[in-house]
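# Breakdown of the fold
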Amino acid sequence: MEIDLFKLQDYSRDIKARGWIVCKGKNVKTELNIMIKSLKEKGISQYKLFRLIEKELHVSNSNAQRMAYLKKEWFPLIFIEYLIKLTNGSKNKFQENIEFLKINNSVAKPVKAVKGLNTELCKVMGAHAADGTVHDNFFRISDGYKSNLIAFKSWIENIFETRVGSIKQISENEWAISFHNKVITRYITQIFNFPNGEKVYTVREPEIIKKSRFRNAFAIGALSFEAGVGIKNQVELCVVSKQFRDDLFEILNLCGLKITLMNKPSGSYWRFWSNKLSKDEAKIWLNFFEPKTEKWYKLYDYVYGFQTCINNEKDAICILNNIFKNGSGNKICIEDVFNAIKELKECCRYELVNRIITSKNLKSYGGKWAHSIAHYLKIFEQANIIIVTKGKFGKKKSFGSIIRQVYTFNPNISDWKLPYRPNLN
């Protein structure tokens, strides 16, 4: 689907010539010469043209002359659009010659003129819909996973063939990219119709993407930044905008994914979630997360198992702590459970909980932290750090025996397999 580059110029805001968007291309000047010659044939000389430009575009005499006599390397879109209007030409045909865009000042860096939708551009718009912010020519996006910012930086630099801001850690568990670039922010606001400033309540899939074949790419960008993939092997989304939730649900539903849609908001949030995924279902979901980002890795681990061999316990703890971070509501972390199992060597869950209560000085078993133990145990089992069997623990009051899972610590580190992450390799 073709993008109208002339929409990048916002006439209501770009009053001064220094704020105009200008373009450059191998054949741009040639095509402008052709249009100026056709105007001469209609009785509009270059002198008359520069007077018209001076009056209609509200620029200085010298600026108008430089445009009319083509004494520039970069030409304003507003000037080209005016010539096209005078000559009854075609904007679509002319923009084939445009290769680069920038702001009309000497220090502005040029970017590639993107003339049509593509996969990476729609991923960028999905990511922006999830976590991005635009204020005039300033852009910022942040996320709890650095891998998402690495992917975003790669997308946007590949698309526009320019460098953007560096990734910065802004808190213990958040990273961000921010930069000033009027051309890129105009693509976001003028082509894809995202607003300046606050959008959390109104954000939705842009119509230009909704009518295209790149809807899945938009979903990849959005889900990579906004969806959750936890240790329960389930994908869930929780957003303030119902329309944004519904747009993503429609894309996923068209691909045959089974999703539960919450019909009423939970507080201010609209949610959907997958079933507890089978490995076959997780393979399909992998297509909706950017490869080699954290949520993609979590699904990959579930489908294909852990891949990393290690030779010491310290590395194992480092990997586990980094990937399975302690939630804000949890009183224990995965390392606490590991240490308790290692000390006990063999235990049931009841014994394990009692050991953790004692070591952490907790008053009782309960709350969010207790539920996380079961998930951590599954991780240890998948990593072959523990071996799980079933054993009898006394008789029931009625008849039969109580059967409980027994967790046996595996001290043979060469048997362990940990999740693979390049940054922890």
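Since the structure is predicted, the reported quantities are computational estimates derived from the model, not experimental observations. (Residues numbered from 1 in each chain as written. Predicted model: local features only at pLDDT ≥ 70, side-chain atom pairs only at ≥ 80, totals over all residues. Heavy atoms only, no water.)

## Overview of the overall build of the chain
Note the following rule: To qualify as a helix, a DSSP run of H or I must reach at least 4 residues; to qualify as a strand, a run of E must reach at least 2; elements of each kind are numbered from the N terminus. Two things to know: the radius of gyration comes from C-alpha atoms, and the globule rule equals 2.2 Å times the number of residues to the power 0.38. The classification of residues rests on relative accessible area computed with a 1.4 Å probe and restricted to protein chains. Under 20% of the type maximum is buried, over 50% is exposed, and intermediate values are partly exposed. Contact criterion: two residues are considered in contact whenever any of their non-hydrogen atoms come within 4.5 Å of each other. Computed with a 1.4 Å probe, the accessible areas rest on the Shrake-Rupley method; for each residue, only the protein chains presented here act as cover.
Helices and strands together make up the secondary structure of the chain, namely 17 helices and 15 strands. Taking 2.2 N^0.38 as the reference for a compact globule, 425 residues should give roughly 22 Å; the C-alpha atoms of the chain span a radius of gyration of 29 Å, well beyond that estimate. Looking at the chain as a whole, 49% of its 425 residues are labelled buried. Sequence-distant contacts in the chain: of pairs separated by 6 or more residues, those separated by 24 or more amount to 68%. Carbon together with sulfur atoms contributes 48% to the accessible area of the chain, which is approximately 21700 Å² in total.

## Notes on helix α4 (residues 77-87)
Across the 11 residues of α4, nine count as buried, placing the element largely inside the fold. Of the positions making up α4, those classed as buried are Leu-77, Ile-78, Phe-79, Ile-80, Glu-81, Tyr-82, Leu-83, Ile-84 and Thr-87. Positive backbone phi, at 55°, marks Asn-88, one or two positions downstream of α4.

## A closer look at the packing of helix α6 (residues 119-131) against helix α7 (residues 146-160)
We count it as follows: In this analysis, axes come from line fits to C-alpha atoms, helices being fitted only over the stretch in contact, and the angle between any two N-to-C directions falls in the range 0 to 180 degrees. If an angle is under 35 degrees, it is roughly parallel; if it is over 145, roughly antiparallel; if it lies from 65 to 115, roughly perpendicular; otherwise it is oblique. Should the near helix be turned anticlockwise from the far one by less than a right angle, the crossing is termed left-handed; should it be turned clockwise, right-handed. Three classes are used: nonpolar for Ala, Val, Leu, Ile, Met, Phe, Trp, Tyr, Cys and Pro, charged for Asp, Glu, Lys and Arg, and polar for all others, with Gly counted as polar.
Contact geometry for α6 and α7: axes closest at 9 Å, N-to-C directions at 135°. Relative to α7, α6 is oriented oblique. Crossing geometry of α6 relative to α7 is assigned as left-handed. Each of Glu-120, Leu-121, Lys-123, Val-124 and Ala-127 in α6 lies in contact with α7, whose residues at this interface are Phe-152, Trp-155, Ile-156, Asn-158, Ile-159 and Phe-160. Residues belonging to the contact of α6 with α7 are distributed by class as follows: eight nonpolar, one polar and two charged.

## Details of the pairing of strand β5 (residues 132-135)
Put simply, the rule reads: The criterion for strand pairing is that DSSP finds at least two bridges linking the strands in question.
Burial along β5 is one-sided: the residues Gly-132 and Val-134 are buried and none of Thr-133 and His-135 is. As defined by bridge partners, β5 adjoins strand β6 (residues 138-143) across four bridges and the pair is classed as antiparallel. Its bridge partner lying in β6, His-135 is registered against Phe-138. Counting the residues that bridge the hairpin from β5 to β6 gives two residues, and of these Asp-136 lies at a positive phi of roughly 55°.

## Looking at the side chain of Arg-186
In this structure, Arg-186 sits in helix α8 (residues 182-191). Overall, the relative accessible area of 4% leaves Arg-186 in the buried class. Ignoring sequence-local partners within four residues, the contact set of Arg-186 consists of Leu-8, Gln-9, Asp-10, Arg-13, Asp-14, Ile-21 and Ile-191.

## Comments concerning the sheet that holds strand β8 (residues 174-180)
Pairing is antiparallel across the open sheet formed by four strands, whose spatial order is β5-β6-β8-β7. Of all strands in the sheet, those with a lone pairing partner are β5 and β7 (168-171), marking the two edges. Each adjacent strand pair in this sheet contributes to an overall mean axis angle of 30°, direction not counted. Note that β7 and β8 share three bridges and pair antiparallel. Within β8, the position partnered with Lys-168 by the bridge is Ala-176.

## Quick look at the nonpolar core
This is how it is decided: Buried residues of nine kinds, namely Ala, Val, Leu, Ile, Met, Phe, Trp, Tyr and Cys, make up a nonpolar core once their side-chain atoms join them within 4.5 Å.
Core analysis: the largest hydrophobic core is formed by 101 residues, its most contacted members being Leu-101 and Leu-223. Once you skip the residues sitting within four places of it in the chain, Leu-223 turns out to touch Leu-237, Leu-248, Leu-252, Phe-272, Trp-285, Phe-288, Phe-289 and Lys-295. The next biggest cluster of nonpolar side chains, apart from the first, holds 32 residues, and it includes Ile-323, Tyr-376, Ile-385 and Leu-418.

## Things to note about the packing of helix α1 (residues 28-41) against α4
Between α1 and α4, the least distance of the axes is 10 Å, while the angle of their chain directions is 40°. On the basis of the axis angle, α1 is oblique to α4. Here α1 runs over α4; the crossing is left-handed. From α1, Leu-32, Met-35, Ile-36, Ser-38 and Leu-39 reach across to α4, where they touch Phe-79, Ile-80, Leu-83, Ile-84, Leu-86 and Thr-87.

## Things to note about the pattern of salt bridges
Rules: For this analysis, a salt bridge means a side-chain nitrogen from Lys or Arg found within 4 Å of a carboxyl oxygen belonging to Asp or Glu.
The final tally for this structure, using the stated rule, is 23 salt bridges. A salt bridge links Lys-298 to Glu-294, with the nearest nitrogen and oxygen atoms 2.8 Å apart. Of this pair, Lys-298 and Glu-294 both sit in helix α13 (residues 294-304), four residues apart, roughly one helical turn. When its relative accessible area of 11% is taken as the criterion, Lys-298 is described as buried. It is possible to trace a salt-bridge network through shared partners that takes in Glu-294, Lys-298, Asp-301 and Arg-421.

## A word on the sheet that holds strand β4 (residues 111-112)
One open sheet holds the four strands; their spatial order is β2-β1-β3-β4, and the pairing between them is antiparallel. Each having just a single partner strand, β2 (75-76) and β4 make up the two edges of the open sheet. Examined bridge by bridge, strand β1 (residues 21-24) and strand β3 (residues 100-103) share four bridges and lie antiparallel to one another. Within the sheet, the bridge partner assigned to Cys-23 lies in β3 and is Leu-101.

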